[in-house]
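Coordinate inspection notes
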Amino acid sequence: MCVGCRERADASSLLRVVAVDGRAVPDPARRLPGRGAHLHPTTQCLERAERTRALPRALRVAGTLDTSALHEEIEGSGARTPPAPAGSERNR
Ligand SMILES: [Zn+2]
């Protein structure tokens, strides 16, 4: 189910989203561990999910999630930045 429009859809047509360090990151390869939410890869559904706070609720995150990576993934389809694998973040 899409957390934006709450319509049932096939998982292959939805973008998997996971929470990493307070950020909602896209997981198109469906390889990141942890709880995932599914969203139509459209600005409409992303904005609706933000308005209804569906993402933090679906991902069981207290507070808000930074969704800028999702905007980049969905709106800037040319420049895709793969999400960093969990646990591999470097300091500096
Ligand atoms: Zn949707």
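What comes next concerns the included structure. (Residues numbered from 1 in each chain as written. Predicted model: local features only at pLDDT ≥ 70, side-chain atom pairs only at ≥ 80, totals over all residues.)

Regarding the sheet that holds strand β1 (residues 15–20)
In spatial order, the strands read β2-β1-β3; together these 3 strands make up an open sheet with antiparallel pairing. The open sheet has two edge strands, β2 (23–26) and β3 (36–39), and neither has a second partner. If you compare each strand with its neighbour and ignore which way they point, the axes differ by 35° on average. In the sheet, β1 pairs with β3 via 4 bridges, with the strands oriented antiparallel. Bridging across to β3, R16 finds its partner in H38. (Pairing = 2+ DSSP bridges. Helix = DSSP H or I, 4+ residues; strand = E, 2+ residues; numbered from the N terminus. Axes fitted to C-alpha atoms, helices over the stretch in contact; angles between N-to-C directions.)

Considering the pairing of β2
Here β1 pairs with β2 via 4 bridges, running antiparallel. Bridge pairing in β2 places V20 opposite R23. Here β1 folds back onto β2, and the loop between the two strands holds 2 residues, one of which, D21, carries a positive phi near 55°.

Focus: the environment of H71
Here H71 lies in helix α3 (residues 68–75). Placed 46 residues apart in sequence, H71 and V25 show a C-alpha to C-alpha distance of 9.6 Å.

Some points on unusual backbone geometry
A positive phi angle is found at R30, which is not glycine, with a value near 55°. Within the secondary structure layout, R30 lies in the loop between β2 and β3.

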